[in-house]
Amino acid sequence: MMIENIKMPQLGESVTEGTISTWLVKVGDRVNKYDPLAEVMTDKVNAEVPSSFSGVIKELIANEGETLAVGEIICTIEVEGAAGEVAATTIEETKPVEKAAPVAPAQTPVAAAPVQTIAKTDESGKVRYSPAVLRLAQENNLDLSLIPGSGNNGRVTRKDVLNAIANGVPQAAPAPVAVEAPTQPVVAQTAPAAQVAKAPAAAPAPVIPTAVGDIEIPVTGVRKAIASNMLRSKHEAPHAWMMIEVDVTNLVNYRNSLKDSFKKKEGFSLTFFAFFVKAVAQALKEYPMINSMWAGDKIIQKKDINLSIAVATDDALFVPVIKNADEKTIKGIAREITELATKVRTGKLKSDEMQGGTFTVNNTGSFGSVQSAGIINYPQAAILQIESIVKRPAVVNGMIGVRDMVNLCLSLDHRVLDGFICGKFLGRVKEILENTTKENTNVY
């Protein structure tokens, strides 16, 4: 018989790990190719992992609740083949490191995805770690020998290192350096840009005392993944923030005149959000630099305008994608918003519906918010928060009147974007929205 490995698949663009929520099989079960083996959670999607082979489950390597990097082995299957032969797995060669060995500055770009997170020993007894684990430890000056491993056989995973960064561990002690007394006046020097940009290690988590009646809520795999990605975005992308005020009185009147007949004819609602998404897509086409991503030594300006829309559930936030939003009508966008939101809330969203986003639009106004600063959906360069439409007094043609007003709040990655181009982009969105009338705008 032959042993084949099933690995953690990549369930979305920029997804680097997943959590086994439920095993659907047990050791000894016979499965066919494409049968579901396990349910996996990520910060973007819940999905089933199918079998790549027909055979008998030999070993469940990962436990329920365990988080593994993309490419890590989750189970093995015994299939028909040459007796005693074991299938080879593609694992990138890792580098041996000894305890207390000094670490050199990382050369791999921060955004590179991990390929393996297994620590193992060679014949000399030296501990081996994956490139992803090594890179994170080097960037944050951590001694890997001090970090307990949660993986199989006590291996240190990328998740373990991220937890150590967030919660704090004893840092690797720098080697002592002999310093001679200066004979000339010392001139203060500026740290290299790479050092200035590097995020400091997080302080240890506080010890919070509990009292009778306090409730401890276990952190789910989805919540852990969201926390990890948000931390990465805030550490890697220097956030800046802008806001613009928009008079949407014309839009409100136009939409309200259509909503009942539209719902009766189409079977779904014509929401304000669809108008905002269409305006953003049109403005991105005119200002394509906003539709870009940071890639270390270059900036990638994306050709397609694929808008991620934030959809919240009780305990998680998902970002399905409206592909080629600039080519869709307001009606088409409204339909897709409804369908994607329904799939999220019923657990039927597919992994490919989460991929390819180039810019995020978040409808925070649905919660009553009037001003907020969103965290960028990494590796995108910006996220736009659409706030509540509220009636406020405003000056129009020299007279004070009650108008429907909304704030648009933009968080931007200052490595990619500057205030000038973002201000022009927001100004264009404002212009489109303020001129949304029956005469100027067709929802079909």
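Residues numbered from 1 in each chain as written. Predicted model: local features only at pLDDT ≥ 70, side-chain atom pairs only at ≥ 80, totals over all residues. Heavy atoms only, no water.

Engineer: Before we go on, may I ask you to explain the pairing of strand β5 (residues 46-50) in this structure?
Structural biologist: Look at any regular strand and the pattern is simple: side chains alternate between the two faces of the sheet. Residue alternation in β5 divides its side chains into a buried set, Ala47 and Val49, and an unburied set, Asn46, Glu48 and Pro50. The sheet contact formed by strand β4 (residues 36-41) and β5 spans five bridges and is antiparallel. Its bridge partner being in β5, methionine 41 is matched across the sheet by asparagine 46. (Buried < 20%, exposed > 50% of the residue type's maximum accessible area, 1.4 Å probe, protein only. Helix = DSSP H or I, 4+ residues; strand = E, 2+ residues; numbered from the N terminus. Pairing = 2+ DSSP bridges.)

Engineer: Before we go on, may I ask you to explain the pattern of salt bridges in this structure?
Structural biologist: Where side chains of opposite charge bring their charged atoms close, a pairing between them can arise. Counted under the stated rule, the structure contains 17 salt bridges. We note a salt bridge from glutamate 245 to arginine 392, for which the minimum N-O separation is 2.4 Å. Remark: arginine 392 occurs in strand β22 (residues 390-396) and glutamate 245 occurs in strand β13 (residues 239-247); sequence separation between them is 147 residues. Through salt bridges with shared partners, one network takes in Glu266, Lys331 and Arg335. (Salt bridge = Lys/Arg side-chain N within 4 Å of Asp/Glu carboxyl O.)

Engineer: Whenever I open this one, the packing of aromatic side chains confuses me. Can you help?
Structural biologist: Within a pair of aromatic rings, the relevant descriptors are the distance that separates the centres and the angle that separates the planes. In this structure the tally under the stated criterion is four aromatic pairs. Consider the rings of tyrosine 254 and phenylalanine 275, whose centres lie 6.2 Å apart with planes at 70 degrees: the pair is edge-to-face. Pair noted here: tyrosine 254 is in helix α5 (residues 249-266) and phenylalanine 275 is in helix α6 (residues 272-286), with a separation of 21 residues, a long-range link. A relative accessible area of 9% means that tyrosine 254 is categorised as buried. Look at phenylalanine 275 and you get buried, because its relative accessible area is 3%. Each residue in the set Phe262, Phe268 and Tyr444 is aromatic and connected to the rest through ring pairs, giving one cluster. The residue whose ring lies beneath arginine 255 is phenylalanine 272, and the NZ or CZ to ring-centre distance is 4.3 Å. Positioned above the aromatic ring of tyrosine 444, the side-chain terminus of lysine 265 is 4.7 Å from the ring centre. (Phe/Tyr/Trp six-rings, centres within 6.5 Å; stacked < 30°, edge-to-face > 60°. Lys NZ or Arg CZ within 6 Å of the ring centre and 35° of its normal.)

Engineer: Sorry, what's going on with the sheet that holds β4 here?
Structural biologist: Strand pairs in the sheet, formed through backbone hydrogen bonds, run parallel or antiparallel to each other. Strand order across the open sheet formed by four strands is β5-β4-β2-β7, with antiparallel pairing between neighbours. Strands with a single pairing partner mark the edges of an open sheet, and in this sheet they are β5 and β7 (67-69). Averaged over all pairs of adjacent strands, the angle between strand axes in this sheet comes to 40 degrees, irrespective of strand direction. Sheet topology note: the strand β2 (residues 17-23)/β7 ladder contains three bridges and is antiparallel. The residue bridging glutamate 17 from the neighbouring strand is alanine 69, located in β7. (Axes fitted to C-alpha atoms, helices over the stretch in contact; angles between N-to-C directions.)

Engineer: Explain the environment of threonine 157 to me, please; I cannot follow it from the model alone.
Structural biologist: Checked against the element boundaries, threonine 157 lands in the loop between α1 (131-139) and α2 (158-167). Residue threonine 157 is classed as buried on the basis of its relative accessible area of 3%. A C-alpha to C-alpha distance of 7.6 Å links threonine 157 and leucine 68, two positions 89 residues apart in sequence.

Engineer: Quick question: what am I supposed to make of α6 here?
Structural biologist: Count 3.6 residues to each turn of an α-helix, and residues three or four apart come out pointing the same way. Counted at 1.5 Å a residue, the expected span for α6 with its 15 residues is 21 Å, and the 22 Å between its end C-alpha atoms agrees. Burial in α6 covers these residues: Phe273, Ala274, Phe275, Phe276, Val277, Lys278, Ala279, Val280, Ala281, Ala283 and Leu284. (Expected span 1.5 Å × (residues − 1).)

Engineer: In this structure, what is going on with α2? I would like to understand it.
Structural biologist: With seven of ten residues buried, α2 is to be regarded as a mostly interior element. Looking one or two residues past α2, glycine 168 carries a phi angle of roughly 90 degrees, positive in sign.

Engineer: Would you mind going over the pairing of β22 with me for this structure?
Structural biologist: Taken together, the seven bridges between β22 and strand β23 (residues 399-413) define a ladder with antiparallel strand orientation. Each residue of the ladder has a partner; that of proline 393, found in β23, is valine 402. Hairpin remark: β22 followed by β23, antiparallel, with two residues in the connecting loop; positive phi at asparagine 397, about 55 degrees.

Engineer: Where do I start with the confidence of the model for the protein in this structure?
Structural biologist: Detailed reading of the predicted coordinates is not advisable wherever pLDDT falls low. Averaged over every residue, the pLDDT of the protein is 81; the share at 70 or more is 77%. Looking over the protein, one finds the lowest element-wise mean pLDDT in helix α3 (residues 193-197), namely 36, and the highest in α6, namely 98. Per-residue pLDDT stays below 50 along residues 82-120; that stretch engages in 86 contacts with residues further than four places along the chain or on separate chains. (pLDDT = per-residue confidence, 0-100. Contact = heavy atoms within 4.5 Å.)

Engineer: How should the environment of methionine 1 be read in this particular structure?
Structural biologist: Counting through the fold element by element, methionine 1 comes out in the segment before β1 (2-7). With relative accessibility at 42%, the residue methionine 1 sits in the partly exposed group. With 78 residues separating them along the chain, methionine 1 and valine 79 place their C-alpha atoms 5.9 Å apart.

Engineer: Quick question: what am I supposed to make of the side chain of serine 372 here?
Structural biologist: With respect to the helices and strands, serine 372 occurs in the loop between β20 (359-362) and β21 (382-386). At 3.0 Å, the side chain of serine 372 and the side chain of glutamine 385 are in polar contact. A distance of 2.5 Å separates the side chain of serine 372 from the side chain of glutamate 387, its partner in a polar contact. (Polar contact = N/O pair within 3.5 Å; in protein donor to acceptor, adjacent residues only side chain to side chain.)

Engineer: Any chance you could explain the nonpolar core here in plain terms?
Structural biologist: Generally speaking, soluble globular proteins have nonpolar side chains that are buried together. Of all hydrophobic cores here, the largest spans 63 residues; its most connected members are Leu307, Phe359, Leu408, Phe425 and Leu433. When residues in this core are grouped by element, the largest group, ten residues, is from α6. If you look at the next biggest cluster of nonpolar residues, it comprises 20 residues, including Ile6, Ile20, Val25 and Val31. (Core = buried A, V, L, I, M, F, W, Y, C linked by side-chain atoms within 4.5 Å.)

Engineer: I would appreciate a short explanation of unusual backbone geometry in the present structure.
Structural biologist: The general pattern is negative phi for most residues beyond glycine and trans for most peptide bonds. At the junction of tyrosine 378 and proline 379, the peptide bond is cis and its omega measures out at 10 degrees in the coordinates. In this fold, proline 379 is placed in the loop between β20 and β21. You will see that tyrosine 34, though not glycine, has its phi angle at about 80 degrees, which is positive. With respect to the helices and strands, tyrosine 34 occurs in the loop between β3 (30-31) and β4. Residue class for tyrosine 34 comes out exposed when judged on its relative accessible area of 61%. Although it is not a glycine, asparagine 397 sits at a positive phi angle of roughly 55 degrees. Among the residues examined, asparagine 397 registers a relative accessible area of 77% and is labelled exposed.

Engineer: So what exactly am I meant to see when it comes to the packing of α6 against helix α7 (residues 330-345) here?
Structural biologist: Two measures define how a pair of helices packs: the angle their axes make with one another and the distance between the axes. It is at 9 Å that the axes of α6 and α7 come closest, and there the two elements cross at 120 degrees. Crossing handedness for the pair α6 and α7: right-handed. Side by side, α6 and α7 meet where Phe273, Ala274, Phe275, Val277 and Lys278 of the first sit next to Ile330, Ile333, Ala334 and Ile337 of the second. Residues that form the contact of α6 with α7 fall into these classes: eight nonpolar, no polar and one charged. (Left-handed = near helix turned anticlockwise from the far one by under 90°. Nonpolar A, V, L, I, M, F, W, Y, C, P; charged D, E, K, R; others polar.)

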